[in-house]
Amino acid sequence: MPQLKTKVIHGAVSTDQVTGSVVTPIYQTSTFLQNGLGSPKEYEYTRLGNPTRHALEALIAELEGGVRGFAFASGMAGIHAVLSLFKPGDHLILADDIYGGTFRLVDEILSKSGLTYDLVDFSDLSVLTEKFKPETVAVYFESPSNPLLKIHDIAQIVALAKSHGALTVVDNTFATPYFQRPLELGADIVLHSGTKYLGGHSDVISGLVTTNSEKLADHIGFLQNSIGSVLGPNDSWLVLRGIKTLALRMEAHAANAKKLALFLDASPYVSKVYFPGLKQDPGHELAKKQMDGFGGMISFELADESKVKPFVESLKYILLAESLGGVESLIEVPSVMTHASVPKALREKAGIKDSLIRLSVGIEDATDLIADLSAAFEKVNA
Ligand SMILES: Cc1ncc(COP(=O)(O)O)c(C=O)c1O
């Protein structure tokens with residue numbers, strides 16, 4: 001069985017079956033010539049299937065240990081397709097610090113068609129246990145979570161969900177299969193915003209989904225084609241190319257994040273650092289157990305909330321922008337950016353304060369990044 005570092009290069013469909021091209025070609029076509037009436041070929045119409053997209057779909061399944069993969073036009077499109085598995089009256093248990101857009105999709109759109117939900121802090125399994133109802137069909141969470149980088153015990157949550165006949169859906173965007181494979185821990189569906197570390201270069205929006213159940217795969221495949229929010233061949237190719245360097249990039253992100261987290265932890269201007277790689281972090285031991293690395297994301301709170309705006313606006317290399325997982329470092333303020341769609345009261349209940357800053361550590365030289373943070377702290381506190 002090849003290692004993940006080999007799979008990202010040679011996994012799934014790595015060479016073109018027709019020409020032998022070592023790089024998967026971009027099959028920029030909407031339709032395919034048929035053999036004759038009533039004898040369909042493997043490919044008929046690109047919404048249904050396209051060889052470039054299929055190479056990516058096979059690759060994500062292989063990396064995560066799924067039976068089939070699915071590529072969507074965005075992470076949200078993938079999440080929408082997965083949540084479309086459920087019907088009016090079904091009940092979901094969502095972690096209380098999931099991505100704001102996921103919360104908005106459930107709260108403002110899917111709830112209108114009869115899906116119900118509870119938002120729960122997944123770090124307390126006794127609270128989670130109490131939320132199961134006969135109608136509960138799935139638990140849904142991220143680990144590490146966005147933006148508080150909480151580490152949730154995937155195997156224990158899976159056991160709890162299974163005992164209530166519910167599915168476990170894990171958004172593995174922050175860890176990527178390089179650092180964590182939830183299907184191996186018993187989860188039923190894994191999904192990604194491929195826009196982030198998988199694409200890796202902040203140049204494509206995409207979503208990826210995989211599952212280890214043939215039955216769920218058939219259903220998700222039906223939904224992908226019926227809803228139609230598929231990833232185009234060009235964008236599929238970009239994600240495929242990004243994944244080839246996933247191992248190198250994730251190692252570099254994680255090494256830099258560790259250095260920056262230690263710097264922030266020692267800074268008098270920072271009141272709290274959220275990073276599972278720090279020994280004192282509540283998720284540290286669990287992360288060591290269920291992950292192969294701590295990832296490249298850090299969140300932190302400034303001691304003086306009034307300095308948040310001038311601080312994030314004073315950085316030179318660390319860019320003020322939404323998103324994460326690209327080669328460049330990005331910084332954002334969840335309360336007014338990525339999580340602005342979560343009502344303030346719910347945000348605060350989940351611990352997402354206005355002084356919280358989220359940093360996606362890039363693969364630049366760590367010394368330059370630390371110098372950038374340091375200069376901004378000095379400037380705004382002068
Ligand atoms: C953890 C997580 N899941 C899903 C999404 C949605 O992905 P996309 O922006 O590709 O639609 C995001 C976006 O930031 C995210 O951070």
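Residues numbered from 1 in each chain as written. Predicted model: local features only at pLDDT ≥ 70, side-chain atom pairs only at ≥ 80, totals over all residues. Heavy atoms only, no water.

Peer 1: I keep staring at the UniProt feature "modified residue: N6-(pyridoxal phosphate)lysine" (unreviewed entry) in the chain and nothing clicks. Help me out?
Peer 2: This chain's UniProt record puts "modified residue: N6-(pyridoxal phosphate)lysine" (unreviewed entry) on Lys-196. Summarising the element assignment, Lys-196 is placed in the loop between strand E6 (189–193) and strand E7 (207–211). The residues touching Lys-196, leaving out its near neighbours within four places in the chain, are Thr-173, Ser-323, Leu-324 and Gly-325. (UniProt positions renumbered as here; feature names shortened; annotations may be inferred. Helix = DSSP H or I, 4+ residues; strand = E, 2+ residues; numbered from the N terminus. Contact = heavy atoms within 4.5 Å.)

Peer 1: How do you make sense of the sheet that holds strand E9 (residues 297–302) when you look at a structure like this?
Peer 2: In a beta sheet, neighbouring strands are held together by backbone hydrogen bonds and run either parallel or antiparallel to one another. The five strands are arranged E8-E9-E12-E11-E10 in an open sheet whose pairing can be described as mixed. The strands lining the two open edges of the sheet, one partner per strand, are strand E8 (270–274) and strand E10 (319–320). In terms of strand pairing, E10 meets strand E11 (residues 330–332) through two bridges, oriented parallel. Bridge pairing links Leu-320 to Ile-331 in E11. Its contacts with the sheet put helix H10 (residues 246–265) on E8, E9 and strand E12 (356–360), and the angle it makes with E9 is roughly 10°. (Pairing = 2+ DSSP bridges. Axes fitted to C-alpha atoms, helices over the stretch in contact; angles between N-to-C directions.)

Peer 1: Hey, could you run me through the site of the ligand in this one?
Peer 2: The local shell around the ligand holds 14 residues, among which Gly-75, Met-76, Asp-171, Ser-193 and Thr-195 are the closest. Separating a nitrogen atom of the ligand from a side-chain N or O atom of Asp-171 is a distance of 2.6 Å. In this structure, Thr-195 approaches the ligand through a side-chain N or O atom, which is 2.6 Å from an oxygen atom. For the ligand, the protein covers 92% of the area, taking 390 Å² as the surface of the free molecule. For the shell around the ligand, the element with the most residues is helix H3 (residues 75–83), which contributes three residues. Considered class by class, the residues forming the shell around the ligand number four nonpolar, seven polar and three charged. (Near = heavy atom within 4 Å. Polar contact = N/O pair within 3.5 Å; in protein donor to acceptor, adjacent residues only side chain to side chain. Areas by Shrake-Rupley, 256 points an atom, 1.4 Å probe, with all protein chains shown as cover. Nonpolar A, V, L, I, M, F, W, Y, C, P; charged D, E, K, R; others polar.)

Peer 1: What is the right way to read the nonpolar core from this model?
Peer 2: Taken as a class, soluble globular proteins show a tendency for nonpolar side chains to be buried jointly. By size, the foremost hydrophobic cluster in this structure holds 45 residues, and its most contacted members are Leu-83, Leu-92 and Phe-122. In contact with Phe-122, other than residues within four places in its own chain, are Ile-93, Leu-94, Ala-95, Leu-128, Val-139, Tyr-140, Phe-141, His-152 and Ile-157. Residues Leu-198, Leu-208, Leu-231 and Met-291 belong to the second largest nonpolar core, which totals 36 residues. (Core = buried A, V, L, I, M, F, W, Y, C linked by side-chain atoms within 4.5 Å. Buried < 20%, exposed > 50% of the residue type's maximum accessible area, 1.4 Å probe, protein only.)

Peer 1: Help me understand the packing of helix H2 (residues 51–64) against helix H9 (residues 233–244) in this model?
Peer 2: Each pair of packed helices can be summarised by the angle the axes make with each other and by the distance between the axes. Contact pair H2 / H9: the axes reach a minimum separation of 8 Å and the direction vectors enclose 35°. Between H2 and H9 lies a crossing of left-handed hand. Taking contact as the criterion, the partners of Thr-52, Arg-53, Ala-55, Leu-56, Leu-59 and Leu-63 in H2 are, on H9, Pro-233, Ser-236, Trp-237, Val-239, Leu-240 and Ile-243. Classifying every residue of the contact of H2 with H9 by side-chain character gives nine nonpolar, two polar and one charged. (Left-handed = near helix turned anticlockwise from the far one by under 90°.)

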